[in-house]
Amino acid sequence: MARVCKTRAYLKSVISAGNYLFMSKMIEKLKDIYARYEELSEKMSDPAVISDTAEWTKIAKAQSEISETAQKYAEYAETERQMLQAEEAAKSEADAEMRAMFSEEAEDCKNKLAAITEELKILLLPKDKNDDRNCIVEIRGGAGGEEAALFAYELYRMYLNYCERHRLKVELVDINETELGGIKEVVFNVNGKNAYKQLKFESGVHRVQRVPETESQGRVHTSTATVAVLPEAEDVDVEIKDEDIRLDVYRSSGAGGQKVNKTETAIRITHFPTGIVVTCQDERSQLKNKDKAFKVLRSRLYDYYASQNRSAYDEHRKSLVGTGDRSERIRTYNFPQGRITDHRIGLSQYNLSEFIMGDIESMIEALTIADRERLLSGEEE
């Protein structure tokens, strides 16, 4: 009890009155998390739990989800203990040199506590439940005709390169190519650790400013492509009733009638209640195309039902991809200046040639940090 009082006195001495209640609540929450972590660790050692693989896996997952926070709080508690101990020693020490040494140790601990506190704030931020899921990425050419389709292809290649660099597996679902090498639309799965977390901020209208290959007078044109990133839904997330869908099979084909299959392997699924239509023609196997199409349909329905109703869904999709109009954009790729600007955070970079080839880590990190800061400011209000 005496130690709790000392802790409260310390908190009051180093933070403003407005933040004292927030910090006190944070510490109480951390104590609960640490107690839960200890409880789960004990259960994992229980012979009855060990013999039940499913139960052990469930507990291990729950423990893993809070382990980083629990261990960081343990570090906080130990540092706090050392600080209080050093402060007490400094007060009771008669020798001036030793007193100075203990005071310096206490100050070091205080600085370390401040740094750990900031880390704990981040760890306690509300987690996006979809962050650890695989995702489905949809890219479509917007305003700008063939130039928009060519830009859509470059974005597709950019994400393929990024995924390869980060050991994320890409599976093509459907692609609609143009005769000049662009794409009207492409849909692909991205599988791997935190796939959705890494790519979720890419949703929106991407705008390109450059002289198109088809431009004979050297004028800079502005075109767009839309990107939507959806978390992959699991079977348990949505129920798809047989009577709610129509499944059509047809022969797949590529740009200009190329790569035509002689057998009907392409799949189109129409979901009547929502009007959502999914196609897949990448695989030569009808069964594989069907599996991929249902995976995309589940994810779109998951996104739809999470938005509660059709109007909310339309607004949500609009917030993700906009209308494709040139005036709407989350990011501009300006080729004459070699510049990429993300308008959501006002960040410009001048490594366009590397960026468009998949070197987008720094932009993703900046967007993640900005989102974290937004959440932190909301947490403390």
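Structure first, text after, so check above.
Keep in mind it's a predicted model, so treat the numbers as computed, not measured.

Asks: Could you clarify how one ought to interpret the overall build of the protein in this entry?
Replies: When you go through the protein residue by residue, the secondary structure sums to eleven helices and eleven strands. By residue count, 44% of the 381 residues in the protein fall in the buried class. Taking contacts inside the protein between residues at least 6 apart in sequence as the whole, the part at least 24 apart equals 63%. Surface exposure of the protein reaches about 20700 Å², of which carbon and sulfur atoms provide 48%.

Asks: I'm lost on the packing of helix H4 (residues 53-92) against helix H5 (residues 96-123) in this one. Help?
Replies: Each packed pair of helices is defined by two parameters, the angle between the axes and the distance between the axes. Between H4 and H5, whose axes approach to 8 Å, the crossing angle comes to 160°. It follows from the interaxial angle that H4 and H5 lie roughly antiparallel. Seen along the crossing, H4 lies across H5 with a hand that is left-handed. Split into classes, the residues belonging to the contact of H4 with H5 amount to 13 nonpolar, five polar and ten charged.

Asks: For this particular structure, what's the right way to read the pairing of strand E8 (residues 276-280)?
Replies: In regular strands, side chains alternate between the two faces of the sheet. Judged by which residues are buried, E8 turns out to be one-sided: Ile 276, Val 278 and Cys 280 face inward and are buried, whereas Val 277 and Thr 279, on the alternate face, are not. As judged from the five bridges shared by strand E7 (residues 266-271) and E8, these two strands associate in the antiparallel manner. Considered in E8, the bridge of Ile 267 is made with Cys 280. In sequence, E7 turns back onto E8 through a hairpin of four residues, with Gly 275 there showing a positive phi of about 80°.

Asks: What's the story with the environment of Arg 298 in this structure? I'm lost.
Replies: Tracing the backbone through its elements, the reader meets Arg 298 in helix H8 (residues 286-306). Sequence-wise, Arg 298 and Asp 235 are 63 residues apart; in three dimensions their C-alpha atoms are separated by 7.5 Å. When sequence neighbours within four positions are dropped, the list of residues in contact with Arg 298 reads Ala 233, Glu 234, Asp 235, Val 238 and Ile 240.

Asks: I would appreciate a short explanation of the layout of surface pockets in the present structure.
Replies: One way to see where empty space is left: roll a probe the size of a water molecule over the atoms. Looking at the largest pocket, its volume works out to about 1600 Å³. For the lining of the largest pocket, the elements supplying multiple residues, two or more each, are H4, H5, helix H7 (195-199), strand E5 (221-231), H8, helix H9 (310-321) and helix H11 (361-380). With seven residues, H4 is the largest single contributor of residues to the lining of the largest pocket. Residue classes in the lining of the largest pocket are distributed as 16 nonpolar, nine polar and 17 charged.

Asks: How should I be thinking about the sheet that holds strand E6 (residues 245-250) in this particular structure?
Replies: Hydrogen bonding along the main chain pairs the strands of a sheet, whether they run parallel or antiparallel. Read from one edge of the open sheet, three strands run E6-E7-E8, paired in antiparallel fashion. Edge positions in the sheet fall to E6 and E8, since each has one partner strand and no second. If you compare each strand with its neighbour and ignore which way they point, the axes differ by 15° on average. Along the sheet, H8 contacts E6, E7 and E8; its crossing angle with E8, the most-contacted strand, is approximately 150°.

Asks: What exactly am I supposed to notice about the sheet that holds strand E4 (residues 204-210) here?
Replies: If you trace the eight strands from one edge of the open sheet to the other, you get E2-E3-E1-E5-E4-E9-E10-E11, paired in mixed fashion. With one partner strand each, in any of the chains shown, strand E2 (169-177) and strand E11 (347-349) form the two edges of the open sheet. In this sheet, adjacent strand axes meet at a mean angle of 15° when their direction is disregarded. Strands in contact with H8 are strand E1 (135-141), E2, strand E3 (183-191) and E5; relative to E1, the strand with the most contacts, it is inclined by about 90°.

Asks: Can you help me understand H4 in this one?
Replies: Along an α-helix, a turn takes 3.6 residues, which lines up residues three or four apart on a common side. Its 40 residues place the ends of H4 55 Å apart at the C-alpha level, agreeing with the 58 Å of an ideal helix rising 1.5 Å per residue. The largest bend along H4 measures about 50° and falls at Ser 67.

Asks: Would you take a moment to explain unusual backbone geometry for this structure?
Replies: At Arg 167, a position not held by glycine, the phi torsion is positive, near 55°. With respect to the helices and strands, Arg 167 occurs in the loop between helix H6 (145-165) and E2. Non-glycine residue Asn 194 carries a positive phi angle of around 55°. Mapped onto the fold, Asn 194 is located in the loop between E3 and H7.

Asks: Looking at this structure, I do not really get the side chain of Arg 331. What am I missing?
Replies: Relative to the elements of secondary structure, Arg 331 occurs in strand E9 (residues 331-334). The class for Arg 331 is buried, based on a relative accessible area of 0%. A distance of 2.7 Å separates polar atoms of two side chains, one belonging to Arg 331 and the other to Glu 202.

Cut-offs used in this document
Residues numbered from 1 in each chain as written. Predicted model: local features only at pLDDT ≥ 70, side-chain atom pairs only at ≥ 80, totals over all residues. Heavy atoms only, no water. Helix = DSSP H or I, 4+ residues; strand = E, 2+ residues; numbered from the N terminus. Buried < 20%, exposed > 50% of the residue type's maximum accessible area, 1.4 Å probe, protein only. Contact = heavy atoms within 4.5 Å. Areas by Shrake-Rupley, 256 points an atom, 1.4 Å probe, with all protein chains shown as cover. Axes fitted to C-alpha atoms, helices over the stretch in contact; angles between N-to-C directions. Parallel < 35°, antiparallel > 145°, perpendicular 65-115°, else oblique. Left-handed = near helix turned anticlockwise from the far one by under 90°. Nonpolar A, V, L, I, M, F, W, Y, C, P; charged D, E, K, R; others polar. Pairing = 2+ DSSP bridges. 1 Å grid on protein atoms, 1.4 Å probe; cavity = no way out; pocket = protein on both sides within 12 Å on 5 of 7 lines; lining within 4 Å. Points joined across faces, edges and corners; volume = space filled by probe spheres on them. Expected span 1.5 Å × (residues − 1). Bend = angle between axes of the 7 residues up to and from the residue. Polar contact = N/O pair within 3.5 Å; in protein donor to acceptor, adjacent residues only side chain to side chain.

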